[in-house]
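Working through the structure, step by step
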Amino acid sequence: MELFKTMGNIDDNNHQDKLDENVEKVKCLIIGSGPAGYTAAIYAARANLSPVLIQGLQPGGQLTTTTDVDNFPGYPEGISGPEMMEDLRKQAERFGTDIRWGMVTSVDFSNNKRKVIVDNKNQIEAESVIISTGADARYLGIESEEKFKGSGVSACATCDGFFYKGKNVAVVGGGDTACEESVYLAGMCKKVYLIVRKNYLRASKAMQEKVANTPNIETLFEHNTKEVTGDKVVTGLTLIKRKGEKDEQEVKINIDGFFLAIGHVPNSKFFKPYIDTDEVGYIKTIPGTTKTNVEGVFAAGDVQDPHYRQAITSAGSGCMAAIDAERYLSSKS
Ligand code: NDP
């Protein structure tokens, strides 16, 4: 019995040695390729941290689904989102960032470990980690919306608007994104219904004015979406006007495309067992820094920012994360 156990241990040790051989060691691992990730990479590479950046499912992040970015300093004429992300990627590469395709599928940050598994197989052990995984579009959560995803329901007007040229569409939401997407769609569609659950828009005044000045946008205040209707593709919406009020009323509109613009969910799922988040899932950082509750793990960009969520603030926090990582690593050497 004892012999068997000892042999078992030898096997275990060999197995562990094999696993360790396959673990790649890096100084600085950056997860995510939006403005935060690329900016962190530029700074980390220039600080000789030899960063490895894992791009994730949507290389370039949310900005690759945007048309013009007019508010990023340094571009007096504006720049398209995809072009800007391509420039950031090239800049990060110029200083030697190792940019890789792949998805982080799990992490182990227990007992001061910073182990990351990519595509369920490649193991990386990092001396420092910068989480810049961004946030994803939120959906209403109704069954019919799920049914028509990809055949009339979309969360990205700039990606899919083209398919609805000359047709009627609806956008749900009352923030800047909903207004921006409505104006964008109004430029190519026959009519845009903007469906707002409250009796006012949350969007900035400038955006509200743009909506008001676009004749083919009809804003339906105090309307909630009950159902997306159609057979194989979307043909309409059933809405509830003044839900819960005495004069509550069911309203039907004919549309071909339904666009969600009701906010985002931070991509922090894999980190939650180890990293503190708020109730929505935004990673908590120590105010004034990008430090998380795990030593050597930093967070930057939309995944930790419920307030600003701009490309420029995201890039700024990416820079902070690289500096925090560099200082952390210097303090350890
Ligand atoms: P926001 O969180 O600002 O707005 C979300 C909107 O969706 C709100 O009007 C909210 O309604 C509505 N909503 C949420 N859940 C539901 C639901 N279940 N049914 C119906 N409506 C719902 O998100 P945005 O994406 O618009 O903006 C995020 C951030 O990005 C903001 O800070 C914004 O200013 C910024 N931004 C800036 C732009 C620019 O400057 N060019 C462009 C786009 C975004 P309610 O108001 O009732 O809560």
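Residues numbered from 1 in each chain as written. Predicted model: local features only at pLDDT ≥ 70, side-chain atom pairs only at ≥ 80, totals over all residues. Heavy atoms only, no water.

Overview of the pairing of strand 11 (residues 168–172)
Counting buried positions along strand 11 gives 5 out of 5 residues, so the element sits mostly inside the fold. Across the two faces of strand 11 the burial is the same, with N168, A170 and V172 and V169 and V171 all buried. In this structure, strand 11 lies alongside strand 12 (residues 191–195), joined through 5 bridges in parallel fashion. Counted as the bridge partner of A170 is Y193 from strand 12. (Buried < 20%, exposed > 50% of the residue type's maximum accessible area, 1.4 Å probe, protein only. Helix = DSSP H or I, 4+ residues; strand = E, 2+ residues; numbered from the N terminus. Pairing = 2+ DSSP bridges.)

A few points about the sheet that holds strand 14 (residues 223–230)
The 3 strands lie next to each other as 14-15-16, forming an open sheet whose pairing is antiparallel. What marks the edges here is a single partner per strand, and that holds for strand 14 and strand 16 (249–254). Put simply, the sheet's adjacent strands are angled 25 degrees from each other on average, direction ignored. Of the pairings in the sheet, the one linking strand 14 to strand 15 (residues 234–241) comprises 7 bridges and is antiparallel in character. Bridge pairing in strand 15 links T229 to G236. (Axes fitted to C-alpha atoms, helices over the stretch in contact; angles between N-to-C directions.)

Observations concerning a positive patch on the surface
Taken together, R138, R197, K198, R202 and R309 make up a surface patch of like positive charges. As for its placement among the helices and strands, R197 is situated in the loop between strand 12 and helix 7 (205–212). On the basis of relative accessibility, which here comes to 60%, the residue R197 falls in the exposed class. (Patch = residues over 30% accessible without salt bridge, like charges linked within 9 Å, V, L, I, M, F, W, Y side chains within 5 Å. Areas by Shrake-Rupley, 256 points an atom, 1.4 Å probe, with all protein chains shown as cover. Salt bridge = Lys/Arg side-chain N within 4 Å of Asp/Glu carboxyl O. Lys, Arg positive; Asp, Glu negative; His and termini not counted. Charge placed at Lys NZ, Arg CZ, Asp CG, Glu CD.)

Focus on the nonpolar core
Core analysis: the biggest nonpolar cluster contains 29 residues, and I30, Y38 and I130 have the highest contact counts within it. Among the elements of the structure, strand 1 (23–31), helix 2 (35–46), helix 3 (81–94) and helix 8 (311–332) are those that each provide at least two residues to this core. Considering every element that reaches this core, the biggest residue donor is helix 8, with 7 residues. Ranked by size, the runner-up nonpolar core spans 21 residues in total, among them V104, A126, I131 and F271. (Core = buried A, V, L, I, M, F, W, Y, C linked by side-chain atoms within 4.5 Å.)

Some words on the packing of helix 2 against helix 3
Contact pair helix 2 / helix 3: the axes reach a minimum separation of 8 Å and the direction vectors enclose 25 degrees. It follows from the interaxial angle that helix 2 and helix 3 lie roughly parallel. For helix 2 against helix 3, the interelement crossing comes out left-handed. Within the contact between the two elements, helix 2 uses P35, Y38, A41 and I42 and helix 3 uses M85, L88, R89, Q91 and A92. (Parallel < 35°, antiparallel > 145°, perpendicular 65-115°, else oblique. Left-handed = near helix turned anticlockwise from the far one by under 90°. Contact = heavy atoms within 4.5 Å.)

Comments concerning the site of the ligand
Around the ligand, 18 residues are found, and the nearest of them are G174, D176, T177, R197 and R202. Between the ligand and G174 there is a distance of 2.9 Å, counted from an oxygen atom to a backbone nitrogen or oxygen. About the coverage of the ligand: the protein hides 78% of its 910 Å² of free accessible area. For the shell around the ligand, the element with the most residues is helix 6 (residues 176–186), which contributes 3 residues. Its residues assigned to classes, the shell around the ligand comprises 5 nonpolar, 7 polar and 6 charged. Each of domain 1 (13–136 + 264–332) and domain 2 (139–260) accounts for three or more of the residues forming the shell around the ligand. (Near = heavy atom within 4 Å. Polar contact = N/O pair within 3.5 Å; in protein donor to acceptor, adjacent residues only side chain to side chain. Nonpolar A, V, L, I, M, F, W, Y, C, P; charged D, E, K, R; others polar. Domains from an automatic or database assignment.)

Quick notes on the packing of aromatic side chains
With the rule as written, the count across this model stands at 6 aromatic pairs. Between F72 and Y75, the ring centres sit 6.1 Å apart and the planes meet at 55 degrees, which makes this aromatic pair tilted. With relative accessibility at 14%, the residue F72 sits in the buried group. An angle of 65 degrees between the planes, with centres 6.1 Å apart, marks the rings of F298 and Y328 as edge-to-face. Taken as a pair, F298 in strand 19 (residues 297–299) and Y328 in helix 8 lie far apart in primary sequence, 30 residues in all. On the accessibility criterion, Y328 (13% relative accessible area) is buried. Members of the aromatic cluster, each reached through a chain of ring pairs, are F109, F271 and Y274. The side chain of K149 reaches across the aromatic face of Y139, ending 4.0 Å from its centre. In this structure, K269 is placed above the aromatic ring of F270, and the distance from its NZ or CZ to the ring centre is 5.2 Å. (Phe/Tyr/Trp six-rings, centres within 6.5 Å; stacked < 30°, edge-to-face > 60°. Lys NZ or Arg CZ within 6 Å of the ring centre and 35° of its normal.)

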